[in-house]
Amino acid sequence: MEKILYLTDLDGTLLNSHTLLTKRTKEMINTLVCEGMQFSYATARSFQSASKVTQGLSLNLPVICYNGAFLVDPQSGKRLFSCVFSDSEREELRRFVEMVSCSPFVYSLVNGKEQVRFCPELLGDGGHYYLSNRIGDPRMCPVQKIENLFDGQLFYLTWIGEREELLPVARQLEKDNRFRCIFQQELYREEYWLEIMPRLATKAEAAERLKEWCGCKRLICFGDRINDIPMFLVSDEAYAVQEAAEELKAVATGVLGSNEEDAVAEFLWKKGFGNQ
């Protein structure tokens, strides 16, 4: 039979609302991977963050992080592929930073290591909440001046703030085909996130690359948010969970049950993989 790559989003899809993998989900997926299922995840999280919430999950394929900016080996943490902004793109983003009152979080590679730069005195409530959940994270690098945000090779930038302030910036950046923009409300809070990535840093591009890497002929994916739409559009089958955004459901092959009830793992379990 044709080899199939099964690729899932994490937050709101494989994880429940407490950002946890249930024991049942881990047991079912680990059994299926042992039987030969080609399985991985595609997330907006960093590898460091994703590794914590997927602890105990059997993963033998590269994983997709930062919405497609990186392909990472799950055992070693080594980046197998990176997509970064060009110098001209970085300069354009610098101009937009001056239009927003709150500091963005700017993700970059500095001497091969990930850093997240930000100006502490310019963070809003959402930014401070984000930091409060990353105490002790060695990537966090506070700076005093806006110009210091842009050191290294940039691969991701996000503002966390009020919709009214971020929407005009989102609309301008969406017109520039050098960038990939995602503007949506935070999954568990009221503030909005404006995420900016290089045009080719998408879950779709990374999914196609991973599919080729593992020699699979078909791609079946799972998700819940609008950043999963590109991945859905390049998949042979794509399933949204019950709580998913309506925009995603509109392009899905079908809608599963709730992420609170192991919907993705239950779907995979019912298919079975011993004969693949």
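Residues numbered from 1 in each chain as written. Predicted model: local features only at pLDDT ≥ 70, side-chain atom pairs only at ≥ 80, totals over all residues. Heavy atoms only, no water.

(A) Seen up close, helix H5 (residues 125-132). Within H5 the residues assigned to the buried category are Gly126, Gly127, Tyr130 and Leu131. Burial along H5 is one-sided: seen end-on, the buried residues are contained in an arc of 140 degrees. Buried residues along H5 sit in contact with strand E6 (105-110), strand E7 (113-118), strand E8 (140-142), strand E9 (153-161) and strand E11 (192-198). (Buried < 20%, exposed > 50% of the residue type's maximum accessible area, 1.4 Å probe, protein only. Helix = DSSP H or I, 4+ residues; strand = E, 2+ residues; numbered from the N terminus. Arc of directions from axis to C-beta. Contact = heavy atoms within 4.5 Å.)

(B) How the structure looks around the layout of surface pockets. A volume near 1,000 Å³ is recorded for the largest pocket. Lining the largest pocket are 39 residues, with Asp11, Arg45, Arg134, Glu186 and Trp193 sitting closest to its centre. Looking at the lining of the largest pocket, the elements that each hand over two or more residues are helix H3 (47-53), H5, E9, strand E10 (179-185) and E11. With four residues, the top contributor of residues to the lining of the largest pocket is H3. Computed from the structure, the second largest pocket encloses a volume of approximately 210 Å³. Looking at the second largest pocket, it is lined by 14 residues, and the ones nearest its centre are Asp125, Gly126, Gly161, Glu162 and Glu191. At the level of secondary structure, the elements contributing two or more residues to the lining of the second largest pocket comprise H5, E9 and helix H6 (163-174). Class assignment for the residues of the lining of the second largest pocket results in three nonpolar, four polar and seven charged. (1 Å grid on protein atoms, 1.4 Å probe; cavity = no way out; pocket = protein on both sides within 12 Å on 5 of 7 lines; lining within 4 Å. Points joined across faces, edges and corners; volume = space filled by probe spheres on them. Nonpolar A, V, L, I, M, F, W, Y, C, P; charged D, E, K, R; others polar.)

(C) Structural view of the environment of Ala244. Tracing the backbone shows Ala244 in the loop between strand E13 (237-240) and helix H9 (246-249). With a relative accessible area of 6%, Ala244 lands in the buried category. For the pair Ala244 and Glu162, spaced 82 residues apart in sequence, the C-alpha separation works out to 22 Å. In this structure, Ala244 is in contact with Gly223, Asp224 and Lys249, ignoring residues within four places of it in sequence.

(D) Main features of the packing of helix H2 (residues 23-35) against helix H10 (residues 263-271). Two numbers describe how H2 lies on H10: the axes approach to 9 Å, and their chain directions differ by 35 degrees. Helix-helix and strand crossings are classified by hand; for H2 and H10 the assignment is left-handed. Between H2, through Arg24, Thr25, Met28, Ile29, Thr31 and Leu32, and H10, the contact on the second element is made entirely by Ala265, Glu266, Leu268 and Trp269. (Axes fitted to C-alpha atoms, helices over the stretch in contact; angles between N-to-C directions. Left-handed = near helix turned anticlockwise from the far one by under 90°.)

(E) Geometry of empty space enclosed by the protein. According to the stated counting rule, one finds one cavity of 30 Å³ or more in the structure shown. One number sums up the size of the largest cavity: a volume of about 40 Å³. Taken together, Asn67, Arg180, Ile182, Met197, Ala201, Thr202, Lys203, Asn227 and Pro230 make up the full set of residues lining the largest cavity. Looking at the lining of the largest cavity, its residues break down into four nonpolar, three polar and two charged.

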